[in-house]
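Chain by chain, the residues run as shown.
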Amino acid sequence: LASGAAISNMTKCLKVLQPKDTLIAIRGGLSLGARIWGDEAAINVPPENRWLALHGFLDNAGSYNKLAPEMLALGASSVVCLDMAGHGKSEWRPTGVYYVFDNVADIVYAADALKWDTFSIIGHSLGGGVAQGVAATCPDRVLRLVSIEALSWWPQDSKQFVSNLRTNIHSRQKGSNLQVFKSLEECADRRSKMNIGGALDIAAAQQLVQRGATWVEKTDQHEGGFRWASDPSLLAPSRVRVDELSCQNILESITCPSVVLFAGDGMWKQAKFIKTRLFTIPWALTVATAHVLTAGWHYISTFGSPLRTDFGKGSSLASKVKFVYVTILRRWLSHRTATFICVPTGGHHPHLTQAPTVARELGKWLTTKGKVLTVTTPATTSSTSSIAADAKID
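Procedures and definitions
- Residues numbered from 1 in each chain as written.
- Predicted model: local features only at pLDDT ≥ 70, side-chain atom pairs only at ≥ 80, totals over all residues.
- Heavy atoms only, no water.
- Helix = DSSP H or I, 4+ residues; strand = E, 2+ residues; numbered from the N terminus.
- Buried < 20%, exposed > 50% of the residue type's maximum accessible area, 1.4 Å probe, protein only.
- Contact = heavy atoms within 4.5 Å.
- Areas by Shrake-Rupley, 256 points an atom, 1.4 Å probe, with all protein chains shown as cover.
- Core = buried A, V, L, I, M, F, W, Y, C linked by side-chain atoms within 4.5 Å.
- Axes fitted to C-alpha atoms, helices over the stretch in contact; angles between N-to-C directions.
- Parallel < 35°, antiparallel > 145°, perpendicular 65-115°, else oblique.
- Left-handed = near helix turned anticlockwise from the far one by under 90°.
- Nonpolar A, V, L, I, M, F, W, Y, C, P; charged D, E, K, R; others polar.
- Pairing = 2+ DSSP bridges.
- Polar contact = N/O pair within 3.5 Å; in protein donor to acceptor, adjacent residues only side chain to side chain.

Participant: Tell me about the overall build of the protein, residues and numbers included.
Facilitator: From N to C terminus, the protein includes 13 helices and eleven strands. For the protein, the residues scored as buried account for 52% of the 394 residues in total. At a minimum sequence separation of 6, the contacts of the protein that also span at least 24 residues come to 74%. When the accessible surface of the protein is summed, it comes to about 19000 Å², and 58% of that surface belongs to carbon and sulfur atoms.

Printed below as a string of C-alpha cells:
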C-alpha cells in the first residue's frame, strides 16, 4: 500500500492537474472567465513563475489545456488562462465594440485583481499581440514574454480610416455565431475547418469548443443544441485599428526577455522566400530585394499607381511581398532583442497540437535567455492596490 506521504503527493498532483474555472471581476465592471492551473493565489512565490495566458481570436482559455500542465512541470507556480472580453466564459462588452487596446487594459486590470504586481505572460495569435502590448506598456510589471504565432497587432492603413469606419457602422452581425449545432462533435468539426494556416485537428478543436460553445434550448426557430459562446459582434470589422508604425512601436518598447515561437507550417509559412529560414539575415535580404524589384515593376507597369499591402487570394505578387516586407520583416527588426524559435509542425496552434514540443523549446529558453532572478514579495504594492480596489475574484 502507498504511504501517507505518497498519497498526499498524489493528491497534490491531481489537484494541480485539475484546473479551477472562475470569474475575475476587473476595473470597469466587466468579468473575465479564467481557468487557473496550479496555485490559485500564487502570492508568496517567485513572481516570474506566475503566468497569465491569453488565447487567440475566437478561441478561449481552453487553448492552454495541453500546454498549461507542461508549464507547471517546467516550474510555473500558477498559469491563469483568461477568456478575453466577448470570448469563452467572459462577459460581452455592452457596446458590442471591441478594440485590441481595450484588451490590453483588461489584462492589466486582471493582474491587479489577482494582486500580482509582477508576472510573466504568454499569448497566442491575438492574445500574443495583446501580451506584447501589456509588456510594452507595463515594462515594470512583465518579467517574461512568450508570443506564439504573433508579432504585434493587425494594422490599418491610415488612408483607409473612413472606409473602415463606414463599413463597421453599417455592418450587421454575421449569422455564423447564431447557428445551432446538434452536438459538440459537430461544433468541433466546424471549428477544425475555420482556422488560419490550415485545418485544426479534431482533438485540438474539441479542447476549444468545450468552453467555446454553449447550450441553447429549443425555440420556434430551432430544435435546441449548441451555439458559439463568443459575441457575434467580434466578427464585425474594427471601427479603428492602429497604423503600422504603432505596431512597430509596441515591439520596440518591449524590454523584458522575450521569445516568439512559431510553427514551420503555421501562419507565416508563405513568408518564406527561396526556402530561406524565417527571421534570419539571409531571409531579410531576400525579402528586401524582392520588395524593391516587385514594387519597382508595379510602379512602372501601372504608371505609378499605389501599391497595396495585402496577402489575400487575389493579391498581386508585389502586394504580397510588400506585406511580408512591411508587417513581418520590419517588425522583426523592431523586435530584434527577442529570440525566435521555429517548431517544425503544429499549424497556427502549435501550443495545442504540439504541446510537448513547444514545452521543450520553451524550457530551453526559460533556463537561458528567459531566465529571470527576482526577490519574492509577500504582498502587492500600494500603487497596484488602489487600481484594484474594485476588482475581485468570484
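Here the narrative resumes, following the displayed structure.
Participant: Which residues make up the nonpolar core, and what are the values?
Facilitator: Note on soluble globular proteins: their nonpolar side chains tend to be buried together. Residues Leu52, Ile121, Phe279 and Trp283 are the most contacted members of the largest nonpolar core, which totals 62 residues. If you tally residues by element for this core, the top one is helix 10 (residues 317-334), at seven residues. Ignoring sequence-local partners within four residues, the contact set of Ile121 consists of Trp51, Leu52, Leu54, Ile107, Ala131, Val134, Val142, Arg144, Leu145 and Val146. The next biggest cluster of nonpolar side chains, apart from the first, holds 25 residues, and it includes Trp51, Leu72, Ile122 and Leu366.

Participant: Which residues make up the packing of helix 9 (residues 281-301) against helix 10, and what are the values?
Facilitator: Across the interface, helix 9 lies against helix 10 with an axial gap of 9 Å and an inter-helix angle of 140°. Here helix 10 runs oblique to helix 9, going by the angle between their axes. The hand of the helix 9/helix 10 crossing is left-handed. Mapping the contact onto sequence places Ile281, Trp283, Ala284, Val287, Ala288, Ala290, His291, Thr294 and His298 in helix 9 and Leu317, Ala318, Val321, Lys322, Val324, Tyr325, Ile328, Leu329 and Trp332 in helix 10. Tallied by class, residues from the contact of helix 9 with helix 10 come to 14 nonpolar, three polar and one charged.

Participant: Can you lay out the pairing of strand 9 (residues 258-263) for me, pointing to particular residues and giving the numbers?
Facilitator: In terms of burial, strand 9 is a largely internal element, six of the six residues being buried. In strand 9, alternate side chains face the same way, and those of Ser258, Val260 and Phe262 on one face and Val259, Leu261 and Ala263 on the other are all buried. Relative to strand 9, strand 6 (residues 142-148) is paired through four bridges, and the arrangement is parallel. Its bridge partner lying in strand 9, Leu145 is registered against Ser258.

Participant: So, the side chain of Asp83: which residues are in play, and what are the values?
Facilitator: With respect to the helices and strands, the residue Asp83 is situated in the loop between strand 4 (78-82) and helix 3 (100-113). The buried category is assigned to Asp83, whose relative accessible area is 0%. Side-chain polar atoms of Asp83 contact the backbone nitrogen of Lys89, separated by 2.9 Å. Other than its neighbours up to four places away in sequence, Asp83 contacts Leu32, Gly33, Ala34, His55, Asn60, Ala61, Gly88, Lys89, Ser90 and Arg211.

Participant: Before we move on, could you go through unusual backbone geometry and cite the residues and values that matter?
Facilitator: Here the phi dihedral of Ala42 falls at roughly 50°; this positive angle occurs in a residue that is not glycine. Take Ala42: it is sitting in the loop between strand 2 (31-38) and strand 3 (50-54). Residue Glu149 is not a glycine yet carries a positive backbone phi of 50°. Tracing the backbone through its elements, the reader meets Glu149 in the loop between strand 6 and helix 5 (161-170). Owing to a relative accessible area of 1%, Glu149 belongs among the buried residues under this scheme.

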